[in-house]
Each structure stands twice: as structure tokens, then as C-alpha cells.
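Descriptive structure summary
Spelled out from the first residue to the last, the chains are:
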Protein chains: 2
Amino acid sequence: MIRHAPKNYKCPICIGLSGVERKDTLLKLTDEVYKDDVVTAYINSFWIPTCEGHVIIVPNKHYENIYELPNNVGQRIFLVAKKISIAMKNAYKCDGITIRQNNEPASQQHAFHYHLHVFPRYEGDKFESLQPKDKILSNPKDRMKFANKLKQYL
Amino acid sequence: MIRHAPKNYKCPICIGLSGVERKDTLLKLTDEVYKDDVVTAYINSFWIPTCEGHVIIVPNKHYENIYELPNNVGQRIFLVAKKISIAMKNAYKCDGITIRQNNEPASQQHAFHYHLHVFPRYEGDKFESLQPKDKILSNPKDRMKFANKLKQYL
């Protein structure tokens, strides 16, 4: 078992999933764009400035990384990532989609609950040189605009 | 249908999958680390200098991107990505795993056959600032060393 969450870790994603909005989590109820019995998808709180409104997909139960993610959960996450990618193309009119998933701090994993990023990409967005050092904490109202757009296609 | 492959595209991944080694493809038979009825995994020809020996997982049939990848194929790719991640941790003794999948040229997709990258990560590897501009074409003999290591755990 490979885990980096400290003992008594208050998982910000589990708190958000429980529907509670408080200081320990940045997730807001209005960030949610998709939910089923296995996974939930949110507009991510941190943004790459030129790729605003990106989504994270998380399992509803707590697993830290891909090594311990149950097969059926990972497979559901693929289905939802495909669905979100197609919806994003339609809703955001983006030029591409980058999918990224980080395991362990050496891979820039900061929240110790498995999450898969789905980024909208645009010609000339400089995504490579911007992430992760230039990510910004977004405003929940701005996230809501992207959530509303995306939900029309989900 | 969103496709960027030019008309009469000679897909380098399809050529490699057919077992042919020629100039149109960089893939060598000795790069293969895993194969089943749906997907194949190779040590990638291009390397990030500090994250050598990374793997790509490809569908055996030609699909350009996630938008058109059949559900069962994407789900199999997840299973193999998890398997490769765990094997890489054991074989390479890396500190983390980054998974990345690019769709369309705006997302730095260069080979127009769906492929998912599994990168070994190391503390201080500067992966973020190195990719993709500093990627290097590796030597098949060097790739074989990584393939042999990895296959011991697959």
C-alpha cells in the first residue's frame, strides 16, 4: 500500500462529496457537473489561466491513487472522462482535451484522493509552460458559469 | 467525428502493431512490454530525459482519440494502465506515476492513434518544465533494458 496522506487526514474531496461546504474543502455544491453511484465530477477549484473550467473526476469512496483504485471504479472513471471530453468540446468549443492523473507528491499530487483532470485545450494556450506553477484559485461564481455550460451537454 | 490525421495517413502505431519495423514507425518489436486481444503497451520511443522508459498503451485497432474510443477499449486501457503503474513502481523504483493522454494537436497529440502515456516520476525530475520541448529520441537498446525490467513484473 503506497500512501502519502498524513495520519488523520481530513480529505478535502471526501468533505466536498459529503455535500458540506467548509474551510477544509474548496469544493462547492455548485461545482458539481456530474454524479452517479460510483463517481462525481466537479469544475476544479484551481485553474490553469488559459484553460479555465477544467474538470476533476473523483471516486465517491476514498482511494488515494491508481495503485489501489478498484477496477470497476477506474473503468467507470474512463466512461465519465470520455463523456466529459465530448461535452467540453461542445460546450467550451475548445481545440483539444488533455487528460492527466497524478499519483504521489513526486507527480504533483496534492489532494490525496484519486482525481483525474480533464483540461480543455486551445491553440497557443501555453499549457505546458503554465502548469502547475501558475495555477490560480478561481472564484466559485466563475466556476458556476462553466458548470452551467457543461451540464447542458451532460 | 473529430480527426486530424491527413488523408491516406500511414499510421506509425498501426505499422508497429502489425509487427513491421520500418522507417515509417519508430516502434520496435523489442519495445513491447504487454499485449492482449484489445491493447498493446510499448516503451515509448521519445523520452523525457529524467523520466526514461515511459510507456504508451494503445488500442490494437485504429482510433484517433478519446471521443471515438469504444467504451470497452478505454476500460481495458484503464486496467492495463493500473497494471503498468504498479509494475513500474516495482521495476523502476520510481517515486510516483503521471498518466497523460493528449487529444488533438492543440493538446500536443502528434501520432494520430489514441495512446495513453504512463510516466515514471522521481523527486526533482523537473518533468513539468522538461516536457514536451526537451523530449529526446531514445536508442532501441536502451529501451530494451527498461522493457526487460518491466516485463519481470507484468
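Described below are features of the structure shown in this document. Values in this document were obtained by computation on a predicted structure and should not be read as measured data. (Residues numbered from 1 in each chain as written. Chains lettered and ligands numbered in written order. Predicted model: local features only at pLDDT ≥ 70, side-chain atom pairs only at ≥ 80, totals over all residues. Heavy atoms only, no water.)

Turning to the packing of helix H2 (residues 71-92) of chain A against helix H2 (residues 71-92) of chain B, a few remarks are in order. When two helices pack together, their arrangement is captured by the angle between the axes and the distance separating the axes. Put simply, H2 of chain A and H2 of chain B touch, their axes get as near as 9 Å, and they point 130 degrees apart. Put simply, H2 of chain A runs oblique to H2 of chain B. The handedness of the crossing between H2 of chain A and H2 of chain B is right-handed. For the pair formed by H2 of chain A and H2 of chain B, the contact residues are Asn 71, Gly 74, Gln 75, Arg 76, Phe 78, Leu 79 and Lys 82 of chain A on the first element and Asn 71, Gly 74, Gln 75, Arg 76, Phe 78, Leu 79 and Lys 82 of chain B on the second. Partitioning the contact of H2 of chain A with H2 of chain B into residue classes produces four nonpolar, six polar and four charged. (Axes fitted to C-alpha atoms, helices over the stretch in contact; angles between N-to-C directions. Helix = DSSP H or I, 4+ residues; strand = E, 2+ residues; numbered from the N terminus. Parallel < 35°, antiparallel > 145°, perpendicular 65-115°, else oblique. Left-handed = near helix turned anticlockwise from the far one by under 90°. Contact = heavy atoms within 4.5 Å. Nonpolar A, V, L, I, M, F, W, Y, C, P; charged D, E, K, R; others polar.)

Glancing now at the packing of aromatic side chains. All names here are of chain A. Enumeration according to the criterion identifies eight aromatic pairs over all chains in this entry. Relative to Phe 146, the ring of Trp 47 lies with its centre 5.3 Å away and its plane at 80 degrees, an arrangement referred to as edge-to-face. One end of the pair, Trp 47, is in strand S3 (residues 46-47); the other, Phe 146, is in helix H4 (residues 140-151), with 99 residues separating them in the sequence. Accessibility expressed as a relative area gives 3% for Trp 47, which makes it buried. Judged by its relative accessible area of 14%, Phe 146 falls in the buried class. On the basis of an interplanar angle of 75 degrees and a centroid distance of 5.1 Å, the ring pair of Tyr 92 and Phe 146 is categorised as edge-to-face. Here Tyr 92, found in helix H2, pairs with Phe 146, found in helix H4; they are 54 residues apart in sequence, far enough to count as distant. Owing to a relative accessible area of 7%, Tyr 92 belongs among the buried residues under this scheme. Here the aromatic residues Trp 47, Tyr 92 and Phe 146 are joined through ring pairs into a cluster of three or more. (Phe/Tyr/Trp six-rings, centres within 6.5 Å; stacked < 30°, edge-to-face > 60°. Buried < 20%, exposed > 50% of the residue type's maximum accessible area, 1.4 Å probe, protein only.)

As summarised here, the arrangement of the ten strands in space is S1(A)-S2(A)-S4(A)-S6(A)-S5(A)-S5(B)-S6(B)-S4(B)-S2(B)-S1(B), forming an open sheet in which the pairing is antiparallel. The open sheet has two edge strands with one neighbour each: strand S1 (32-35) of chain A together with strand S1 (32-35) of chain B. Recorded for the sheet is a direction-independent mean angle of 20 degrees between the axes of neighbouring strands. Direction of pairing for strand S4 (residues 55-59) of chain A relative to strand S6 (residues 116-121) of chain A: antiparallel, over a ladder of three bridges. Looking across to S6 of chain A, one finds that Ile 56 of chain A is bridged to His 117 of chain A. (Pairing = 2+ DSSP bridges.)

Further remarks concern H2 of chain B. For H2 of chain B, built from 22 residues, the straight-helix expectation of 32 Å at 1.5 Å per residue is met to within 8% by its first-to-last C-alpha distance of 31 Å. Note on H2 of chain B: the residue one or two positions beyond its end, Lys 93 of chain B, has a positive phi of about 55 degrees. (Expected span 1.5 Å × (residues − 1).)

In this section: the relation of the copies chain A and chain B. The transformation that overlays chain A on chain B combines an axial shift of 0.0 Å with a rotation of 180 degrees, and the residual RMSD is 0.0 Å. Taken together, the rotation and translation relating the two chain copies correspond to the operation of a two-fold axis. (Least-squares fit on C-alpha atoms with pLDDT ≥ 70 in both.)

Here the focus is the side chain of Asn 102 of chain A. Looking at the secondary structure, you find Asn 102 of chain A in strand S5 (residues 96-103). For Asn 102 of chain A, the side chain forms a polar contact with the side chain of Arg 100 of chain A, separated by 2.7 Å. In this structure the side chain of Asn 102 of chain A is engaged in a polar contact, spanning 3.5 Å, whose partner is the side chain of Ser 107 of chain A. Ignoring anything within four residues of it in the chain, the contact list for Asn 102 of chain A reads Ser 107, Gln 108, Gln 109 and His 117 of chain A together with Ile 97 and Thr 98 of chain B. (Polar contact = N/O pair within 3.5 Å; in protein donor to acceptor, adjacent residues only side chain to side chain.)

Right, let's talk about the pairing of S5 of chain A for a bit. Of all eight residues making up S5 of chain A, eight are buried, and the element is well covered by its neighbours. The pairing of S5 of chain A with S6 of chain A spans five bridges and is classified as antiparallel. Counterpart to Arg 100 of chain A in the pairing with S6 of chain A is His 117 of chain A. One ladder, built from seven bridges, connects S5 of chain A with strand S5 (residues 96-103) of chain B; its direction is antiparallel. Paired with Gln 101 of chain A across the strands is Ile 99 of chain B, a residue of S5 of chain B.

Another aspect to go through is the environment of Ser 138 of chain A. Residue and element names in this part refer to chain A. Mapped onto the elements, Ser 138 comes out in the loop between strand S7 (136-137) and H4. For Ser 138 and Leu 150, which are twelve residues apart along the polypeptide, the C-alpha to C-alpha distance reads 17 Å. Side-chain polar atoms of Ser 138 contact the backbone oxygen of Ser 45, separated by 2.6 Å.

We now examine the pattern of salt bridges. Per the stated rule, a full pass over the model turns up 18 salt bridges over all chains. Here Lys 89 of chain A and Glu 104 of chain B are joined by a salt bridge, their closest N and O atoms 2.8 Å apart. Taken together, the residues Lys 89 of chain A in helix H2 and Glu 104 of chain B in the loop between S5 and strand S6 (116-121) connect one chain to another. According to the relative accessible area criterion, Glu 104 of chain B is buried, its value standing at 3%. (Salt bridge = Lys/Arg side-chain N within 4 Å of Asp/Glu carboxyl O.)

Moving on: unusual backbone geometry. All names here are of chain A. Positive phi, normally seen in glycine, also occurs at Lys 93, with a value near 55 degrees. On the secondary structure map, Lys 93 appears in the loop between H2 and S5. On the basis of relative accessible area, Lys 93 is assigned to the exposed category, the value being 58%. In this structure, Lys 126 is a non-glycine residue whose phi angle is positive, near 55 degrees.

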